[in-house]
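# Structure assessment
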Amino acid sequence: MDLYSGYINRLIEAFSSLPGIGHKSAQRLAFHLVNMPKEQVEHFARTIVDARNNVCYCKCCFTLTDQEVCPICSNVKRDHSTIMVVENTRDLAAYEKTGKYEGVYHVLHGAISPMLGVGPGDIKLKELITRLQTDEVKEVIIATNSSLEGETTAMYISKLIKPTGIRVTRIASGVPVGGDLEYIDEVTLLRALDGRIEL
Ligand code: ZN
C-alpha cells in the first residue's frame, strides 16, 4: 500500500540513498522539504546542482576544489617538498584547520580494502607516484586512518616509495584505532604529526 504520493516516495528514496540516512530520517527530510517555501527549495536544489557541476579534482593534489589547481597547491608559501597523503578531502580539512601544517597534500579518495574489492588502482595512487617523479619531494607523510584499510594503504605506499630514496613517515598512532581523522581534535592531530615515525 502506498501511503504517500509518488513524488514524496521518490523524494524519500532519494534521501535514503545518501550515506548515514535511514528510512526514518529520509521521511523526515522529505516532509520538511515539501513544507519549505518554494524559493527556498529552488535555491537548495540549485546549490546542489551548482556544486556538483563546478567542483572538480585539483590536478595536482586531487582534493575537491572549483579551480584547476587548488589554493593550497597554488600557494608559493607552502612547502611543496613535503606531501601529506590523506584518504579524503575531509581529512585534509582537519589538518588544515590546525593551521600548523605547511606542506602540501595528496588526496587518495579512498583506501585499499581487499574485503571491499578496492585495489591500489581504484585510488589516486598512480597519480601520487607521478607527482614524486616530477616534483622535488623530500618527504611523504602518510596520514591515512588507523583502520585496517588505512594501515594496509600506508604499508603499500611505503613499499612503493622506499626504493626511490624519498623519506617516508607515518603519523603517530595517538590517533584512536579506526578513528576517522576528521573527528579527531586538533591537538591530537598535531601530536600525531609531530610524533611521526620513519617507515
Ligand atoms: Zn591541490
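All figures in this text were calculated on a predicted structure; none of them were measured in a lab.

## Quick look at the confidence of the model for the chain
The predicted model of the chain has a mean per-residue pLDDT of 90, with 93% of residues at 70 or higher. No element of the chain has a lower mean pLDDT than helix H7 (residues 186-194), at 80, and none a higher one than strand S4 (residues 103-107), at 97.

## Observations concerning the pairing of strand S5 (residues 139-142)
Every second residue of S5 is oriented toward a common face, with Glu 139 and Ile 141 on one face and Val 140 and Ile 142 on the other, all of them buried. Pairing of strand S3 (residues 79-86) with S5 involves 4 bridges; the strand directions are parallel. Note on S5: the bridge partner recorded for Ile 83 is Val 140. Alignment of S5 against strand S6 (residues 167-170), held across 4 bridges, turns out to be parallel. Residue pairing in the sheet places Glu 139 in a bridge with Arg 167 of S6.

## Focus on the domain arrangement of the chain
Under the domain assignment, the chain is made up of domain 1 (6-54) and domain 2 (64-198). Computed from C-alpha atoms alone, the centre-to-centre distance between domain 1 and domain 2 is 33 Å.

## Let's talk about the nonpolar core
What tends to happen in soluble globular proteins is that the nonpolar side chains get buried as a cluster. If you look at the biggest cluster of nonpolar residues, it comprises 37 residues, and the most contacted ones within it are Met 84, Tyr 95, Leu 128, Leu 132, Val 140, Ile 157 and Ile 161. When contributions to this core are tallied by element, the ones reaching two or more residues are S3, helix H4 (89-98), S4, helix H5 (125-134), S5, helix H6 (148-161) and H7. Looking at this core, the element that brings in the most residues is S3, giving 4 residues. Once you skip the residues sitting within four places of it in the chain, Leu 132 turns out to touch Ile 83, Val 137, Val 140, Ile 161 and Ile 166. One finds Ile 12, Ala 30, Leu 33 and Met 36 within the second-largest nonpolar core, a separate group that totals 7 residues.

## Details of the coordination of the zinc ion
Ligation of the zinc ion by protein atoms is provided by Cys 58 (SG), Cys 61 (SG), Cys 70 (SG) and Cys 73 (SG), these donors lying 2.3 Å from the ion. Every donor counted, the 4 donor atoms about the zinc ion form angles of 104 to 115° at the centre, which fits tetrahedral coordination.

## Topic: the pairing of S4
Most of S4 sits out of view: 5 of its 5 residues are buried. Direction of pairing for S3 relative to S4: parallel, over a ladder of 5 bridges. Across the sheet, Asp 79 pairs through a bridge with Gly 103, a residue of S4. Crossover handedness for the path S3 to H4 to S4: right-handed.

## Comments concerning the pattern of salt bridges
Opposite charge on two side chains makes pairing possible when the charged atoms of those side chains draw close. Taken as a whole and judged by the stated rule, the model has 7 salt bridges. In this structure, Asp 135 engages Arg 131 in a salt bridge whose closest nitrogen and oxygen atoms are separated by 3.9 Å. Looking at Arg 131, the relative accessible area reads 7%, which means it is buried. Between Arg 167 and Glu 198 there is a salt bridge, with its nearest N and O atoms 2.6 Å apart. With a gap of 31 residues between them, Arg 167 in strand S6 and Glu 198 in strand S7 (residues 197-198) connect regions that are remote in the sequence. For Arg 167, a relative accessible area of 37% puts it in the partly exposed group.

What counts, and at which threshold
- Residues numbered from 1 in each chain as written.
- Predicted model: local features only at pLDDT ≥ 70, side-chain atom pairs only at ≥ 80, totals over all residues.
- Heavy atoms only, no water.
- pLDDT = per-residue confidence, 0-100.
- Helix = DSSP H or I, 4+ residues; strand = E, 2+ residues; numbered from the N terminus.
- Buried < 20%, exposed > 50% of the residue type's maximum accessible area, 1.4 Å probe, protein only.
- Pairing = 2+ DSSP bridges.
- Domains from an automatic or database assignment.
- Core = buried A, V, L, I, M, F, W, Y, C linked by side-chain atoms within 4.5 Å.
- Contact = heavy atoms within 4.5 Å.
- Donors = N, O, S within 2.8 Å, 3.2 Å for Na, K, Ca; no water.
- Tetrahedral: all angles 85-135°; square planar, octahedral: opposite > 155°, others 65-115°.
- Right-handed = clockwise from strand over helix to strand, strands pointing away.
- Salt bridge = Lys/Arg side-chain N within 4 Å of Asp/Glu carboxyl O.

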